[in-house]
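Fold and geometry: a report
Here is what each chain is made of, one letter per residue.
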Amino acid sequence: MPLRVLNAAIVYNEGDKFAAFLDRLLSTLNHEWSYLIVDDGSTDGSIVNHLSRITAAGISVIRHHTNLGVGASIRTAIGYAKQNAYDIISIMAGSGRMDPAELPRLLQPVIAGTADYVQGSRYLPGGRSINVPLYRYLGIKVLTQVSRIVTGFPCTDITCGFRCYRLDILDRAGIDLANEKLNGYELEYYLHYKVAKARLILVEVPVTMRYPIGDKHYSKVAPFTGWWAMLKPFLYLTARVWK
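None of these values were measured; they are calculated from a predicted model. (Residues numbered from 1 in each chain as written. Predicted model: local features only at pLDDT ≥ 70, side-chain atom pairs only at ≥ 80, totals over all residues. Heavy atoms only, no water.)

So, about unusual backbone geometry. Phi angles above zero are rare outside glycine, and asparagine 131 is one such case at about 65°. Along the chain, asparagine 131 falls in the loop between strand 6 (128-130) and helix 5 (134-151). For asparagine 131, a relative accessible area of 39% puts it in the partly exposed group. Unusually for a residue other than glycine, arginine 240 sits at a positive phi of about 65°. Of note, arginine 240 is situated in the segment after helix 8 (225-238). (Helix = DSSP H or I, 4+ residues; strand = E, 2+ residues; numbered from the N terminus. Buried < 20%, exposed > 50% of the residue type's maximum accessible area, 1.4 Å probe, protein only.)

With that settled, consider the packing of helix 5 against helix 8. Interaxial distance between helix 5 and helix 8 falls to 10 Å at its minimum, and their mutual angle equals 10°. By the angle class used here, helix 5 and helix 8 are roughly parallel. Counting all contacts with helix 5, which are made through Tyr135, Arg136, Gly139, Ile140, Leu143, Val146, Ser147, Val150 and Thr151, the residues of helix 8 involved are Trp227, Met230, Leu231, Phe234 and Thr238. (Axes fitted to C-alpha atoms, helices over the stretch in contact; angles between N-to-C directions. Parallel < 35°, antiparallel > 145°, perpendicular 65-115°, else oblique. Contact = heavy atoms within 4.5 Å.)

Residues Ile78, Ile89, Ile91 and Tyr165 are the most contacted members of the largest nonpolar core, which totals 44 residues. Those elements that provide at least two residues to this core are strand 1 (5-11), strand 2 (34-39), helix 3 (70-83), strand 4 (88-93), helix 5, helix 6 (169-172), helix 7 (186-197) and helix 8. With seven residues, helix 7 is the single largest residue contributor to this core. Residue contacts for isoleucine 89: discarding those within four places in its chain leaves Leu6, Ala8, Ala77, Ile78, Ala81, Arg163, Cys164, Tyr165 and Leu167. With 31 residues, the next largest nonpolar core counts Val11, Leu22, Tyr35 and Ile37 among its residues. (Core = buried A, V, L, I, M, F, W, Y, C linked by side-chain atoms within 4.5 Å.)

So, on to helix 7. In this model helix 7 runs 17 Å from its N-terminal to its C-terminal C-alpha over twelve residues, within 8% of the 16 Å that 1.5 Å per residue would give. Residues of helix 7 that are buried: Glu186, Leu187, Glu188, Tyr189, Tyr190, Leu191, His192, Tyr193, Lys194, Val195 and Ala196. Positioned one or two residues after helix 7, arginine 199 has a phi angle of 60°, which is positive. (Expected span 1.5 Å × (residues − 1).)

Pairing is mixed across the open sheet formed by seven strands, whose spatial order is 3-2-1-4-7-5-8. Two strands bound the open sheet, and with one partner strand each, they are strand 3 (60-63) and strand 8 (202-206). Strand-to-strand twist of the sheet, defined as the mean angle between neighbouring strand axes without regard to direction, takes the value 20°. Alignment of strand 4 against strand 7 (residues 163-166), held across four bridges, turns out to be antiparallel. When the bridges of strand 7 are listed, isoleucine 89 appears paired with tyrosine 165. The strands that helix 7 touches are strand 5 (117-121), strand 7 and strand 8; relative to strand 5, the one it contacts most, it runs at about 125°. (Pairing = 2+ DSSP bridges.)

These results come straight from atomic positions and should not be treated as a statement about function.
If you want it as structure tokens, here you go:
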């Protein structure tokens, strides 16, 4: 039987950026796969204003009543995938920075059985980084180097949130998905660390990351708390503060 694939997009107050993302998503739908949007408590109508188009396309929607965080939203998507017996899940932001047309490239290694976990990278040959702010670029490079040192996996772009994986890695890598300390950005980096340390097959593929020109709200990563949330799992897991 073919593997069942769920593609999930996380959305929180993306406004016009979500509208453009939705246009792109609807133009690239693969009807052999399923799609889910997790609305993390948006208050700007991001989802409500487009709900009829979303449901008409057969895309499922789960809405949090309040903003819980990226990690909590990914946990919701994974819970839905497991409950509905999917084999593979992809995660992307619904902000337009990632291109749904690149989903086949991201998913192919997992579907083919040559990878358990795929990380998108804007810095591999064939990838593109468009309009990334300098502060963001420097942060990416520092965090990626930390990841390489503590996991041993030579990644090139640890902060790219465009990822996919087999759902059975949650058990094989000993992942504690219920940990409420992972409600924010922590979950993504916790997953990466655990998969690398479990010696599962982790690969990168080239993807595009596009930041709007002149948009002061290009990212929801807070300058200090957001970057600390990304760094913390590597430090805490290495020091065995977390398991």
